[in-house]
Structures are given as structure tokens and as C-alpha cells.
Amino acid sequence: MNECDTTGTKEMDSEKKSGVAVIKTMYVISDHERTLSLECVTDSDREKLGEDNDASQPYKKRKLSKGEKKKLRGQNKSRPLPFKHDRETSLCPTLVNVAEDEEFPECANAKCSLLHDLPAYLSAKPPDLGSTCYLYSVQGRCPRGASCRFGSQHLTPSGKNIVDKPVYEQFLETKSTINQLDKNVQYSLRKRQYDFSKSEAAIEKYDGKHKQKSASKKIELGGVNGATDVNDVCEAESVTCGAVTDEDVIRIRKEEKKKLEWKGKIYLSPLTTVGNLPFRRICKEFGADVTCGEMAMATSLLQGAQQEWALVRRHKSEDLFGVQLCGNNPYVMTRCAQMLQEKTEIDFVDVNLGCPIELVYQQGGGSGLLRREKTLESVVRCMSDVLSLPLTLKTRTGVYTDKNIAHMYMPKFREWGASLVTVHGRSREQRYTKSADWKYIEQCAQLAAPVPVFGNGDVLSSDDYECALQSSPNIAGIMIGRGALIKPWIFTEIKEKRHWDIPSTVRLDILKKYVNYGLEHWGSDTKGLENTRRFLLEWLSFLHRYIPVGLLEYPPQKINQRPPYYRGRDDLETLMASPSCADWIRISEMLLGPVPDNYNFLPKHKANSWK
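These figures come from a predicted structure and were not determined experimentally.

(A) Seen up close, the overall build of the chain. Secondary structure assignment for the chain yields 25 helices and 11 strands. For the chain, buried positions account for 53% of its 611 residues. For the chain, the share of sequence-separated contacts (at least 6 apart) that also reach a separation of at least 24 residues comes to 72%. Total accessible area computed for the chain in this model is approximately 29900 Å², and 49% of it derives from carbon and sulfur atoms.

Right under this line is the structure:
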């Protein structure tokens, strides 16, 4: 619970703690009836609601059968794509980005099924969405060329790409995004030709020490198969004994690792799906000190999967950037850590010990590692051995609500080689349903010393930030997740110690900037544009939860308070407060043009959307 709240009258306190944000009466719409939009509900949830719930009728609760949960959940997997790109109408890449002073090349692939008739493609292409191409203006050459949805600025009548040479040369010299997957690296990974001898040596060394410990214990218990001295036991257990070898010297000592200054930093949490590069750029501009890529599956990175490698890309504005890995064994995690250090430019590697997703947990990854201590030790020790970069860990308090175990790991994390530990003040079972336990985070920080500990949970304002520091005076800094999704300007609020009553027009400008960054990241063709729209809509499923400061009776807003239905101070503010998917799509159309036919967006974190 948040114990830093100032107390007033009993009526005020009861209103503040009711779970409903208290909005000034003039803005509340008291006679509003919520109606359910069935288009934004999963098939299983639609069955739960029953056939009698028509979208045009007020939402009716149905008596639940035994074992049926009351809450409608978001759909985390098997979600249909909002829009399926038609490959048959796509232009062959050989014709997409041809400069005006170049000749059109011939496609070398005799089996290529894409379009090669450029005039026909241009005539059938949908009209441009604007006269200014953001990619052309910042890069000097649009990489999407003839397929760009803003191509009128940089295309000749024949479909060739105009190049602004001074701007393009400067862009090539100071490339804004790094950590792209190199084709040679991808080939060596897929053919299993990458040299992982360093990782194998670290794992073999750990296995040898583990066997030696087992042998020592057996000596204490009376020997192994009658063996009474160390040499006999070493031979029986195949443990290497004798002089120091090169393998012993290769190990990176803790004092040789790269040092980072963590104290007092504000850390943007690695956020699956929504913590993409365009969003991190927005947060960096508002003052985030540390950023981390979305959780990446170590197995997929080692397979050279393009989609997974996109999660480790880094923008030049991210001056302190790390990659978060998720895996369930030391072999995969150690190899992946070695490869990232050798082939990418990052400042630290983070291990995910908190992911609550059922599939990851059941396979022993994420928070599942917390119940597999020996495997967890091997993962941390071996990764620390191969990395000259800091190795950080992000963990929950434990797996079960009534059994916190993170504090027992803190001294072990220090011994195993961790450079930083972040504690999310909730268990796996709690997800986000309870308040973060900052007193427990403080207990962990004391036990982990001198290893710095960051706290994470429920920070949505500068007041929450100060309260967290008071509750946990020994933490090195604070990580912010949902708070940044609901209002990315929280970093500015914290550093300036104020509540920012940000106008709706400024919030729309933030979304415009995000869209431009999205087009730069995913592309300005139809596919890239719809990817940008999809991730914008995912973000809006959090962003609409923000309640403007000027509307609150008792600011600041608390993260677990829900608002009554209300109107804003202008039409745009009202639209941005809507919890309806249909209104989120309207906002996206203001920025990216109309959605394609048969467009259907189902949010990951919110399946029951209200009209």
C-alpha cells in the first residue's frame, strides 16, 4: 500500500481509496450506459457473454457457470492480424528503391511471384496520404521508394527515387539506428557455424566445479566407492585437478567488467509489444535515463530470426541501453550473451526472471527460473563469465502470493556475478492486481548490498516516485513500466517535481512524433504503415487511461484507480479518454489515414472495449 498519501477529511480519504478516480463533477457523465463492442471481444469471451448481449444494447451480466472467471481478459496469443498484406500486389524489391540516375535492374529470381510491372503498380497504388515523406526529409533518400505512401515528394513520373545527396551522405555518416542483423552472422547462426567456444568453455568450467563440489561433499560423507583421498575422488568423478590452465585465466573477473553509474537513474522498463524503439525514443526525449529492449527469446536470436533481432535495435539517442533475454537453460543464454556482446553495441545484458506468461513459465523461463535454483545459478554464473558487460537481473518477489523468495536470492545474485538487480514488487500470481510492496523491495536492497537494486511498481507521478524513495531509501533507482505507457512525460514530471496538466493538442503532437518514428522504424509503405498503426493502437490501449490533472479533484492520479465516464475540456481530450477500440482507430486515422477494408484490431491487453 502507498503510505505516503497525505490525509485530509474522512470523506476525502474514503473517496481517494475507493479505487475510482474522483473527477470534478462538471466533467462526469452520470447517465452514461456502457455498451459492449463485440467486434473487440475474443471468440471465447463472446461465448461467455451469451447471445443475448447485442452490441447496440446495454451490457448485461450473465450468471457465470462454475469455474468461469468474471473478468474478460485480453488475448495474448492467436490474435488475428488487423490487416493482411496482399503479397500479389507487392512490388519486387529490385524495383522499389532505384535512384533517378540508375537503370532499372532485372530480377535475378526466376521464381519471383511479386510484381515487376512498375507503371501498372504505380497506377493501381492507393493515393498518397500526404505530400511530405518523413523518411526523405530526415534521411535524404526514402528506402521504400516507389512503394512509399508519401512518395509524391521523392518520386519521378517513371517511379525512380529522388536522392537529396547532402542529407543522405550525412545520414550514412551518422546512422541513427544500429544493431541490425548482419547477413553473414545470420548465415553462420542458421548453419551452426558461429564460434561459441568461449561459451562452451564457461559452461564446461562451471560443470567441472559443480562436480568437484559434489565430490568434496562425498568425501565428507565417507568417500566415493571407498575412495579416501582427493585424487581418488577426482578420478572417480572425472574432475580436473592440478595446475592452473589457460581456461582458468580466461575468465573475466568482476573488477574487469565495464562499470556503469546506476545511482539516481530513472529506468524505462523492458515492455513486451509496446516498448518498441519508437516508444523508447519518445521516453528518451522526456528524460528517461536507462532504456532496455523488449524481452527477446534467446533461442530465436540464436536462430537468426529477423523479427526477434528487431527487438535489439538501438537508436543513437539511447545512451544507456541494454537487451533483455529470456531463456530456460545456461547453454542457450550463455551463447546468446556472448553473441550479443560480440555483434551488437549494447551497455548491459538483462536476464528476465519475472515474465508471468504461462507458456514461458511452464517451459522454465521468466519467473519459472525462480523455482529452479540450480539452473538459475548456472545461467547467471556462466553468462557473467563470458560477459565483460554488466549482467543485470529483473525479478518478481516470487512465484506465489503468500511466499516471497526474492530476498533469499539477493546474496546469491551478488556471489554469482550480477551487477544490478531490479525487483518488481509483486509475485507472478499477483500480476498487476495488488499494490507493489516497496517495503519488501527495501529488504531486498539491504540484502543485495553492495550490488545496486532498482525498485519497480505503481509509479505514475512525481509524488509516487518520492514516496517510493522514502519507503526504500537503500535502492539505487527506480524502474517505470505502466506509468510510462499511460503518460510518457512522467520522466519530465519527476525531474521537474511537478504535475503537468498537458493539453490534448500536445498529446496529439506526441502521437504524431511516434507515428513518424514508427514509419522510420517499420517503413513508409503499406505494410510498414499498418505495422505502425497496430503498435500505435496497442499503445492507445494504455494511453487512454490517463486522466488530465485539471479534471481531477485530488491530483495526482493513482495507477490502479479507474475513472468514471467523463468528458474532457475539448473534443480531442474527450476522444483520447475513450476506452473504445473504435475511437482509438479514429485517432489512428487522424494520423495515418483511413484503415483498409475488413480491418479488425483486437488489443493485447484489453479485450472488452466499451462504446
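So much for the structure itself; the text now carries on.
(B) Here's a closer look at the packing of aromatic side chains. In this structure the tally under the stated criterion is 13 aromatic pairs. With centroids separated by 5.3 Å and ring planes inclined at 75 degrees, the aromatic side chains of Phe-279 and Trp-539 adopt a geometry described as edge-to-face. One end of the pair, Phe-279, is in helix H11 (residues 277–285); the other, Trp-539, is in helix H23 (residues 526–543), with 260 residues separating them in the sequence. The exposure classification of Phe-279 matches that of Trp-539, with both residues buried. Judged by centre distance (6.2 Å) and plane angle (70 degrees), the ring pair of Phe-286 and Trp-500 falls under edge-to-face. Taken together, the residues Phe-286 in the loop between H11 and strand E3 (291–292) and Trp-500 in the loop between helix H21 (490–496) and helix H22 (504–522) connect sequence positions 214 residues apart. Of the residues examined, Phe-286 reaches a relative accessible area of 16% and is grouped as buried. Positioned above the aromatic ring of Tyr-599, the side-chain terminus of Arg-533 is 5.9 Å from the ring centre. The ring of Phe-535 carries Arg-534 above its face, with NZ or CZ at 4.6 Å from the centroid.

(C) The state of the cysteines, seen in detail. All told, the structure shown has zero disulfides when counted by the stated rule. Its sulfur unpaired, Cys-92 is 3.8 Å from the next cysteine sulfur, which belongs to Cys-107.

Definitions and cut-offs
- Residues numbered from 1 in each chain as written.
- Predicted model: local features only at pLDDT ≥ 70, side-chain atom pairs only at ≥ 80, totals over all residues.
- Heavy atoms only, no water.
- Helix = DSSP H or I, 4+ residues; strand = E, 2+ residues; numbered from the N terminus.
- Buried < 20%, exposed > 50% of the residue type's maximum accessible area, 1.4 Å probe, protein only.
- Contact = heavy atoms within 4.5 Å.
- Areas by Shrake-Rupley, 256 points an atom, 1.4 Å probe, with all protein chains shown as cover.
- Phe/Tyr/Trp six-rings, centres within 6.5 Å; stacked < 30°, edge-to-face > 60°.
- Lys NZ or Arg CZ within 6 Å of the ring centre and 35° of its normal.
- Disulfide = S-S within 2.5 Å.

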